[in-house]
Each structure stands twice: as structure tokens, then as C-alpha cells.
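Structure at a glance
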Amino acid sequence: MLSSVNNEYNPIIGINGMHIPDEEDELDIKDKANIHYIGAIQKSGGIPIVLPVLEELNIEIVKKQIEIIDGLLIEGGIDIFPSLYGEEPKPELEKTDIKTDNFIIELINQAKIKKMPILGICKGMQIINIAFGGTLYQDLKYAGLKSDSHRQLGDHRRDYYKHTINVEKNSFLNKIFPNKEKLNVNSYHHQAIKDLGKDLIIDAKSDDGIIEAIHWNNNSQWIFGVQWHPERQVIINDEFMPIFNAFIEQARIYKSNIKK
Ligand code: MN
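Here's a quick rundown of the structure. Keep in mind it's a predicted model, so treat the numbers as computed, not measured.

Considerations on the overall build of the chain
Of regular secondary structure, the chain possesses seven helices and 13 strands. Along the first, second and third principal axes, the C-alpha set of the chain runs to 50 × 45 × 35 Å. By the burial criterion, 49% of the 260 residues in the chain qualify as buried. Long-range contacts, defined here as pairs at least 24 residues apart, represent 69% of the contacts in the chain between residues at least 6 apart. For the chain, the distance from the average site of its 30 positive side-chain charges to the average site of its 38 negative ones is 6 Å.

Topic: the coordination of the manganese ion
Coordination sphere of the manganese ion, protein contribution only: His150 (ND1), His163 (NE2), Ser187 (OG), His189 (NE2) and Glu212 (OE), at 2.2 to 2.3 Å. Linear spacing of the donor residues for the manganese ion on their chain is H-x12-H-x23-S-x1-H-x22-E. Taken together, the positions of histidine 150 in the loop between β7 (136-137) and β8 (163-167) and serine 187 in the loop between β9 (182-185) and β10 (192-193) put the pair 37 residues apart, joining distant regions of the chain. We classify histidine 150 as buried; its relative accessible area is 1%. Residue classification places serine 187 among the buried residues on the basis of a relative accessible area of 1%.

A few points about the packing of aromatic side chains
Each aromatic ring pair is summarised here by two numbers: the centre-to-centre distance and the angle between the ring planes. Applying the stated rule across the entire model yields seven aromatic pairs. With 5.7 Å between their ring centres and 70° between their planes, phenylalanine 177 and phenylalanine 240 make a pair best called edge-to-face. One end of the pair, phenylalanine 177, is in the loop between α5 (172-176) and β9; the other, phenylalanine 240, is in the loop between α6 (230-233) and α7 (241-259), and 63 residues separate them in sequence. On the basis of relative accessible area, phenylalanine 177 is assigned to the buried category, the value being 6%. Note on phenylalanine 240: relative accessible area 1%, which makes it buried. Between tryptophan 222 and phenylalanine 224, the aromatic rings sit 5.7 Å apart at their centres with planes inclined by 55°, giving tilted as the arrangement. Here phenylalanine 224 falls in the buried class, since its relative accessible area comes to 0%. Lying across the ring of phenylalanine 132, lysine 112 places its NZ or CZ 4.1 Å from the centre.

Some remarks on the packing of helix α2 (residues 59-68) against helix α3 (residues 98-113)
Axis separation between α2 and α3 bottoms out at 9 Å; the angle between their running directions is 60°. Overall, the two elements α2 and α3 adopt an arrangement that is oblique. With respect to the hand of their crossing, α2 and α3 are arranged in right-handed fashion. Along the contact surface, α2 presents Ile59, Val62, Lys63, Gln65 and Ile66, while α3 presents Phe103, Glu106, Leu107, Gln110 and Ala111. By residue class, the composition of the contact of α2 with α3 is six nonpolar, two polar and two charged.

A word on the nonpolar core
One finds Leu73, Leu119, Leu173, Phe224, Trp228 and Ile243 to be the most contacted residues of the largest nonpolar core, which totals 32 residues. The set of elements that each furnish at least two residues to this core consists of β1 (12-16), α1 (35-43), β6 (118-121), β8, α5, β9, β13 (223-226) and α7. Here this core gets seven residues from one element, more than from any other, and that element is α7. The residues contacting isoleucine 243, other than those within four sequence positions of it, are Leu119, Ile176, Phe177, Phe224, Val226, Trp228 and Pro230. If you look at the next biggest cluster of nonpolar residues, it comprises 31 residues, including Tyr85, Ile105, Leu200 and Ile211.

Things to note about α3
Helix length check: α3 (16 residues) gives 23 Å between terminal C-alpha atoms against 22 Å at 1.5 Å per residue, within 8%. Among the residues of α3, Thr100, Asp101, Phe103, Ile104, Ile105, Glu106, Leu107, Ile108, Gln110 and Ala111 are the ones counted as buried. Just beyond α3, the residue with positive phi is lysine 115, at close to 60°.

Considering the pairing of strand β11 (residues 200-206)
Relative to β11, β8 runs antiparallel, the two sharing three bridges. Residue pairing in the sheet places isoleucine 165 in a bridge with serine 206 of β11. Here five bridges tie β11 to strand β12 (residues 211-216), and the two strands are oriented antiparallel to one another. In the strand pairing of β12, leucine 200 is matched with tryptophan 216. Linking two consecutive strands that pair antiparallel, namely β11 and β12, is a turn of four residues; a positive phi of about 90° is found at glycine 209 within it.

Rules and cut-offs
Residues numbered from 1 in each chain as written. Predicted model: local features only at pLDDT ≥ 70, side-chain atom pairs only at ≥ 80, totals over all residues. Heavy atoms only, no water. Helix = DSSP H or I, 4+ residues; strand = E, 2+ residues; numbered from the N terminus. Buried < 20%, exposed > 50% of the residue type's maximum accessible area, 1.4 Å probe, protein only. Contact = heavy atoms within 4.5 Å. Lys, Arg positive; Asp, Glu negative; His and termini not counted. Charge placed at Lys NZ, Arg CZ, Asp CG, Glu CD. Donors = N, O, S within 2.8 Å, 3.2 Å for Na, K, Ca; no water. Phe/Tyr/Trp six-rings, centres within 6.5 Å; stacked < 30°, edge-to-face > 60°. Lys NZ or Arg CZ within 6 Å of the ring centre and 35° of its normal. Axes fitted to C-alpha atoms, helices over the stretch in contact; angles between N-to-C directions. Parallel < 35°, antiparallel > 145°, perpendicular 65-115°, else oblique. Left-handed = near helix turned anticlockwise from the far one by under 90°. Nonpolar A, V, L, I, M, F, W, Y, C, P; charged D, E, K, R; others polar. Core = buried A, V, L, I, M, F, W, Y, C linked by side-chain atoms within 4.5 Å. Expected span 1.5 Å × (residues − 1). Pairing = 2+ DSSP bridges.

Okay, structure coming up:
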């Protein structure tokens, strides 16, 4: 864990909050960030702060939230509201929260304007794709797979491997893990990217053809997304720390450029 803090060196990473309704009282809504993202950012030398979903979406306030941070981490969560990519809800669609989704998309838009590094994990990767004009399979059934084919069962620790992914040459993922053509990853999703957003590039696919990592093809900004949960794996070993280290390094570069 980070033992000392140097303001010149440790970038501030904003993690989006998200609305989680209480099971018994759906009006008792909490805004939550998963602790494992906070831990992974700390472990890689970033200073985590949580950006709560605004009660009323206000672009000026989102801009101020983005001004505070040096990097944006979009965390995993519940399903994405399908009208955001032009679809009606299908029967397999699970819980959604349109307020959270609209807020996250505005965070991405504002971070894009500032050329700030963005890391998206699971739903985070999928919503980056939506923000760039892409679409999703509302359920893996619509990709011709079993609905639970990318969902680990068991104790929900999410730190076990579920399937391998094939790393594309010259991708961001390939730069982060040189010499690795395949990676073993966990898997906890029933939605997946269908059509890629504009100028997004596939970094990895599973053997059954599901997009498992993407980046934005733009030299002026680092935007990277993964479909699995590296934050769960870094609890037990450092195998996936290079993802967070690469993100924090980009946030450091962003921070030092902004200061000039
Ligand atoms: Mn998967």
C-alpha cells in the first residue's frame, strides 16, 4: 500500500459513484463505489476520490468534478439503460439506473474534452462504448451464447479465472502485457459490446467472440476499457497491477502537463 504521499507525484483519481436502491425500500437510494477499485487505485499510487451521481445533472458541476481529478475510473455495476443506444428493453435486461448512466456519460464527455486518461472496467468499458456511439447486447443470448456463459458462479469473489482472452498485437493491452498472447481472466457479465463506438479498437476477444478489451485510437488521449475485473484479482496477487500502473502513469503525465 501507498505509504507516503507526494502531491507532485500522486495523481487524484475520480471513481464514479452509482445509485444502488435498497432492496426493501427503493426510495432509500445509496450512492456507492466498490471498495476494490479504491484499493487498486491506492495500491498503484493514486489518490482515490468518489464522484457522486448528481441529483440533478448539471454540466457545469460535472466540469468542476472533472477539474479536481487527474484520471477517471468508471467502475462496474448494473445494466446500462438500453435507450442510451437506441433499444427497447428486452426480457433479459436486469436492473438499470438512468440517472447513474447519464451522469457517467457526461463524466466521460467532459474528461474527453480535457484529454484526461479514462479507465473503464466491466460496465465502465461498455458505457465508454455507448458514449462513443456504440451498442450492446442486452444479454449474451443475443450474441448466440448462453446467458450465463460469462458469469462466474460460486462465492462471488470474482478473483478466480473463468476464461482466456486473445490479446491483439499492437493494442494497449499488448503494450501493458508484452509477450502475452493470451490472458486468463475472471468474468462477471451478461451484457457485452455489439457494435463498436467510433474510432474504438478491439484489444482482446474471448474464444467465443466476445469483446473483452478496447481502447480509443487517438494519440492525444489514453482511454482503455476491460470487460473483466482486474480490481478483484489484485487483491490476491499483482498479475493485473500493470493495468492500474499504466493508468496511474497516464494520470501523472496528464497532471504534469496541466500544471505547465
Ligand atoms: Mn468475459
